[in-house]
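These are the residues of each chain, in order.
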Amino acid sequence: MIKWKLITILLIVIIIFTYLTGHLKQQIQYLTNNNQENNVPTLVFIHIQKTAGSAFERSIVRRLYFQSQPSCRCPVMLRNNRTKRPSIKLRCNCLRNNEPWLISRFSVGWICGVHADWTTYHRCLPLKMNSEYGFNKRKFLYATLLREPIARFISEYLHTLRGATWLSERLSCQKAQQLRNQSACWRHTNLTDFMLCPFNSAINRQTRMLSSSVNNCLSSSFTYSNLIDIETAKKNLQSMEFFGLTEYLHLSQRLFEQTRFCKLFQICSFQSYLEQDLTNNQTNDYLTTNVTTIDLNYLRQVNSDDIELYKFARTLFFQRTCQILKIAC
């Protein structure tokens, strides 16, 4: 009996040792492999709320082709099922070399949390990808969409009136998460209260989500401004593989087709181009009929960082448009 117990223990030890040895070997190869040609390029889409990010991501997974092949394999729901099960959100298969080439809500879901920002993705993705798809030397290329700040803010406010809270949104600072959830800016509020809410994550959202600054996160005097750094946001935006503007979706798609990432596939093209829908635009209607001059001035004041970032982004966007698409400017 003792002999069999010893043999069993020995076998278990051998199995564990074999597993750990293989795992360690993977880590050593990952840490020592500096050959850039072996890097797996992965495009990461930072989805900022109310910037037409969903429409753009759907276009990438459903209408983008690499040469004659679709970029992703998307499940198709039968037409008569669409009204019966409207809440289902189907993910597309965007695998290349057995791992996703695109990090997006429509490819892998919210892999680093709902509407993860620049800092969250940089902290989360390397470990998450190694855990899910094995150790590999990866190169993460970032992309996003930006929108005119006042229109984006009003659009988010109207969306909260429809019930959106994004409570599961993962902020880069735990203190910010606690304060945001306690303040409940979205509950039974009007526009004035929404603007005045001290921990409203809609304020300067675009700058905050692209900043790489987390200051005084544990301090009792912490405010949302500690998460905002306009200079790092500009720097990070400029370093992105791609960014587009909601007001110029057609041009944004054309720029996307010319990115270095698309060049890896030789030919990268959209089957159809998105157009900005200016008809029946609820945000524009609300701005015209419900927002006073005083409201508008205050909106510009509290979102000053987003306004500065957008001006910078717009200039850079058209510089790239002229240079890459060879359009006379």
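Residues numbered from 1 in each chain as written. Predicted model: local features only at pLDDT ≥ 70, side-chain atom pairs only at ≥ 80, totals over all residues. Heavy atoms only, no water.

Per an unreviewed UniProt entry, the protein chain carries the name Heparan-sulfate 6-O-sulfotransferase and comes from Adineta steineri. In its Sequence similarities (unreviewed entry) section, the UniProt entry covering the protein chain states "Belongs to the sulfotransferase 6 family." (UniProt positions renumbered as here; feature names shortened; annotations may be inferred.)

Describing the sheet that holds strand β9 (residues 268–270)
Spatially, three strands are ordered β3-β2-β9 in an open sheet, and the strand pairing comes out antiparallel. The open sheet has two edge strands with one neighbour each: β3 (69–70) and β9. Judged from the two bridges that link them, strand β2 (residues 64–66) and β3 form a sheet pairing that is antiparallel. Its bridge partner lying in β3, Y65 is registered against P70. Sitting on the sheet, helix α2 (residues 53–63) is in contact with β2 and β9, with an inclination near 40° to β2. Strand contacts of helix α9 (residues 249–257): β2 and β9, with the helix running at about 160° to β9, the strand carrying the most contacts. (Pairing = 2+ DSSP bridges. Helix = DSSP H or I, 4+ residues; strand = E, 2+ residues; numbered from the N terminus. Contact = heavy atoms within 4.5 Å. Axes fitted to C-alpha atoms, helices over the stretch in contact; angles between N-to-C directions.)

Considering the nonpolar core
Note on soluble globular proteins: their nonpolar side chains tend to be buried together. Ranked by internal contacts, the top residues of the largest apolar core, which has 56 residues, are I46, F56, W101, Y121, L125, L210 and F256. Filtering out sequence-adjacent residues up to four positions away, Y121 remains in contact with V44, F45, I46, I103, I111, C112, A116, P126 and Y142. Judged by nonpolar contacts, the second largest core, of 16 residues, contains Y157, M195, C197 and A202. (Core = buried A, V, L, I, M, F, W, Y, C linked by side-chain atoms within 4.5 Å. Buried < 20%, exposed > 50% of the residue type's maximum accessible area, 1.4 Å probe, protein only.)

A short note on the side chain of E156
Looking at the secondary structure, you find E156 in helix α4 (residues 149–161). Residue E156 is classed as buried on the basis of its relative accessible area of 2%. Contact partners of E156, with chain neighbours within four places excluded, come to Q49, K50, W166, A202 and R205.

Some remarks on the state of the cysteines
Disulfides are covalent bonds that connect the sulfur atoms of two cysteines. Counted by the stated rule, this structure contains four disulfides. Through a disulfide, C74 is tied to C92; the S-S separation comes to 2.1 Å. Taking the sign of the S-S torsion, 110° for the link of C74 and C92, the bridge is right-handed. Separated by 18 residues along the polypeptide, C74 in the loop between β3 and β4 (95–96) and C92 in the loop between β3 and β4 bring together distant segments of the chain. Among the residues examined, C92 registers a relative accessible area of 5% and is labelled buried. (Disulfide = S-S within 2.5 Å.)

Some points on the confidence of the model for the protein chain
Counting all residues, the mean pLDDT for the protein chain is 83, and 78% of those residues have values of 70 or more. For the stretch residues 23–38, pLDDT sits under 50, and the model shows 12 contacts to residues farther than four places along the chain or on other chains. (pLDDT = per-residue confidence, 0-100.)

A look at unusual backbone geometry
The backbone of A52 sits at a positive phi, close to 70°, despite the residue not being glycine. For A52, the location among the structural elements is in the loop between β1 (40–46) and α2. Phi at N204 is positive, roughly 50°, even though this residue is not glycine. Looking at where N204 falls in the secondary structure, it is placed in the loop between α6 (191–196) and α7 (205–210).

Details of the packing of α4 against helix α11 (residues 282–290)
Look at α4 against α11: their axes get within 9 Å of each other, and the N-to-C directions meet at 100°. By the criterion of interaxial angle, the relationship of α4 to α11 is roughly perpendicular. Counting all contacts with α4, which are made through I150, A151, I154, S155, Y157 and L158, the residues of α11 involved are Q282, T283, Y286 and L287. Here the contact of α4 with α11 is composed, by residue class, of seven nonpolar, three polar and no charged. (Parallel < 35°, antiparallel > 145°, perpendicular 65-115°, else oblique. Nonpolar A, V, L, I, M, F, W, Y, C, P; charged D, E, K, R; others polar.)

Some words on the pairing of strand β8 (residues 242–245)
In β8, alternate side chains face the same way, and those of F242 and G244 on one face and F243 and L245 on the other are all buried. Here four bridges tie strand β7 (residues 138–146) to β8, and the two strands are oriented parallel to one another. By the bridge assignment, A143 is partnered in β8 with F242.

Here we look at the environment of P100
By the element assignment, P100 lies in strand β5 (residues 99–100). Measuring from C-alpha to C-alpha, the distance between P100 and L43 comes to 8.8 Å, with 57 residues separating the pair along the chain. Not counting residues up to four positions away in its chain, the partners in contact with P100 are T42, C94, L95, V108, M129 and Y133.

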